[in-house]
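# Reading the structure
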Amino acid sequence: MTLRVWDYLPEFAEEREEILSAVETVFSSGQLILGKSVRGFEEEFAAYHGLAHCVGVDNGTNAIKLGLQALGVGPGDEVITVSNTAAPTVVAIDSLGARPVFVDVGEDDYLMDTAQVTDVITSRTKALLPVHLYGQCVDMAPLRGLAAEHGLRILEDCAQAHGARHQGQLSGTMSDAAAFSFYPTKVLGAYGDGGGVVTSEDEVSRRLRRLRFYGMEDHYYTLETPAHNSRLDEVQAEILRRKLTRLDDYVAGRRAVAQRYAEGLGDTDLVLPRTVPGNEHVYYVYVVRHPERDRIIEELKNYSISLNISYPWPVHTMTGFAHLGYTKGDLPITEKLAGEIFSLPMYPSLGRERQDRVIDAVREVLARI
Ligand SMILES: *Cc1c(COP(=O)(O)O)cnc(C)c1O
């Protein structure tokens, strides 16, 4: 059987009763939309981060979009981010009529090169959108300094970094607001779509509650901005409540898998993930790097191991973002990485046997290359 790069079925086998009981709880609660489970999850997720507010929304893309909107980003504003990210980071900015502005990433950590941010700040810059990519945090101190100096807002894209820490601080707690995705593959994943925004600011939270609910102030009155419907589903919220109690275990499980990969592959010429000093990595994906990436992936198909590339096409080179005016060559490190990186199977319930299959296969393939 093909070993998938991510699979939820082993975890579902372990947690089946709990998950099905969450569904039962909601179905028998008498309130299927924005009920006890969404409220409960919002309180518990905010508390996990030691913040005053969490607003549940329907997915991570809308968490970023509405998070930026609640921080005051609108048409014509510029938002500085990276191209080495999941396309939705950029889609969210673009969908507001705002303009994504890219800086390159570091060659060793694949994260936003914060030293480049100053060069692209203009009078239209409204916000910074660092992405805590692959499971570790961007260095936030320089960004906070620039934000204070230029009067900018910061939204963290935490879709890949639930539970990650930077100098002891949890991801999502180091800026004005932070967007999370609970897409099933994520470190805290639902059994369907889900998202959330955390913030300590009362006004930002109030705006978010309106923005996910037609713009309505209370139940029947749209006050300022008419908005879409972006509610977090009650069933997903209840499942997330149950899973949140195990978030730290999921992270520990991922770290154990990463450690075993490091032991099993550390002496090969594969470039393994590097944790930046001061960071606690949660390994949303286990990204490795090799100049012969395409050959390695092709050969591993013979071992029935499927791998992933996060991400093969830098966002600034995608046809759909041609209107941003970037071309190949603008972000050399991002473009180079896209041709060399790939991800080994990673999830907390991967297990020793499956993991050894991966290590043995990768070693055999590398020996031939
Ligand atoms: C998954 C992801 C998103 C989008 O989340 P969805 O829930 O799929 O909409 C945004 N940014 C990053 C970095 C992601 O990994």
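Residues numbered from 1 in each chain as written. Predicted model: local features only at pLDDT ≥ 70, side-chain atom pairs only at ≥ 80, totals over all residues. Heavy atoms only, no water.

- An unreviewed UniProt entry annotates the protein as DegT/DnrJ/EryC1/StrS family aminotransferase originating from Halostreptopolyspora alba.
- Its UniProt record gives the protein the following Sequence similarities (unreviewed entry) comment, quoted word for word: "Belongs to the DegT/DnrJ/EryC1 family." (UniProt positions renumbered as here; feature names shortened; annotations may be inferred.)

## Some remarks on the overall build of the protein
- In terms of helices and strands, the protein carries twelve helices and twelve strands.
- Since a compact globule built from 369 residues should have a radius of gyration of about 21 Å, the 21 Å found for the protein is in line with a globular shape.
- Seen through its principal axes, the protein has C-alpha atoms that stretch 65 × 55 × 35 Å.
- In the protein, once contacts between residues fewer than 6 apart in sequence are set aside, the share between residues at least 24 apart is 70%.
- Total accessible area on the protein stands at roughly 15,600 Å², and carbon and sulfur atoms take up 50% of it.
- Separation of charge centres in the protein, based on 37 positive and 52 negative side chains, amounts to 2 Å. (Helix = DSSP H or I, 4+ residues; strand = E, 2+ residues; numbered from the N terminus. Rg over C-alpha atoms; globule rule 2.2 N^0.38 Å. Contact = heavy atoms within 4.5 Å. Areas by Shrake-Rupley, 256 points an atom, 1.4 Å probe, with all protein chains shown as cover. Lys, Arg positive; Asp, Glu negative; His and termini not counted. Charge placed at Lys NZ, Arg CZ, Asp CG, Glu CD.)

## Let's talk about the nonpolar core
- If you look at the biggest cluster of nonpolar residues, it comprises 59 residues, and the most contacted ones within it are Phe 41, Phe 45 and Val 117.
- Within the residue set of this core, elements represented by two or more residues are helix H2 (36–48), strand E2 (78–82), strand E3 (99–103), helix H6 (140–150), strand E8 (177–181), helix H8 (234–244) and helix H9 (247–265).
- Contacts of Val 117, omitting those with residues within four sequence positions, involve Ile 80, Val 103, Met 112, Leu 128, Leu 143 and Leu 146.
- Membership of the second largest hydrophobic core comes to 26 residues, among which are Ala 258, Tyr 283, Met 346 and Tyr 347. (Core = buried A, V, L, I, M, F, W, Y, C linked by side-chain atoms within 4.5 Å. Buried < 20%, exposed > 50% of the residue type's maximum accessible area, 1.4 Å probe, protein only.)

## Here we look at the packing of helix H1 (residues 9–27) against H8
- Close contact between H1 and H8 brings their axes to 9 Å; oriented N to C, the two are set at 130°. One finds that H1 runs oblique with respect to H8. As H1 runs across H8, the sense of the crossing is right-handed. Contact residues: Glu 11, Glu 15, Glu 18, Ile 19, Ser 21, Ala 22, Val 23, Thr 25, Val 26 and Phe 27 in H1; Glu 234, Val 235, Glu 238, Ile 239, Arg 242 and Lys 243 in H8.
- Of the residues contributing to the contact of H1 with H8, the split by class is seven nonpolar, two polar and seven charged. (Axes fitted to C-alpha atoms, helices over the stretch in contact; angles between N-to-C directions. Parallel < 35°, antiparallel > 145°, perpendicular 65-115°, else oblique. Left-handed = near helix turned anticlockwise from the far one by under 90°. Nonpolar A, V, L, I, M, F, W, Y, C, P; charged D, E, K, R; others polar.)

## Examining helix H12 (residues 352–368)
- The end-to-end C-alpha separation of H12 is 25 Å, in line with the 24 Å expected for 17 residues at 1.5 Å each.
- Burial in H12 covers these residues: Gln 355, Val 358, Ile 359, Ala 361, Val 362, Val 365 and Leu 366.
- Those residues of H12 that are buried are in contact with H9, helix H10 (293–300) and strand E12 (341–344). (Expected span 1.5 Å × (residues − 1).)

## Some details on the UniProt feature "active site" (unreviewed entry) in the protein
- Sites flagged by UniProt as "active site" (unreviewed entry) map to Lys 186.
- With respect to the helices and strands, Lys 186 occurs in the loop between E8 and strand E9 (195–199).
- With a relative accessible area of 12%, Lys 186 lands in the buried category.
- If near-sequence neighbours (up to four positions away) are discounted, Lys 186 is found in contact with Ala 159, His 162, Ser 181, Arg 254 and Tyr 284.

## Considering the domain arrangement of the protein
- Taken as a whole, the protein is organised into domain 1 (6–103 + 111–244) and domain 2 (247–368).
- Here the C-alpha centre of domain 2 lies 25 Å away from the C-alpha centre of domain 1.
- Between domain 1 and domain 2, the residue contacts involve 40 residues of the former and 35 residues of the latter.
- Summing both sides of the interface, domain 1 and domain 2 together bury roughly 3,300 Å²; the carbon and sulfur share of this comes to 56%.
- If you sort the residues of domain 1 by the area they bury against domain 2, Tyr 134, Gln 136 and Val 187 come out on top, with a joint share of 22%.
- Where domain 1 touches domain 2, the interface holds 21 residue pairs in polar contact (both at pLDDT 80 or more).
- Elements with a contribution of two residues or more to the side of domain 1 that touches domain 2: H1, helix H4 (87–94), E3, strand E6 (165–166) and H8.
- Sort the elements by how many residues they give to the side of domain 1 that touches domain 2 and E3 lands first, with five residues.
- Looking at the side of domain 1 that touches domain 2, its residues break down into 19 nonpolar, twelve polar and nine charged. (Domains from an automatic or database assignment. Buried area = accessible area lost by both parts, 1.4 Å probe. Polar contact = N/O pair within 3.5 Å; in protein donor to acceptor, adjacent residues only side chain to side chain.)

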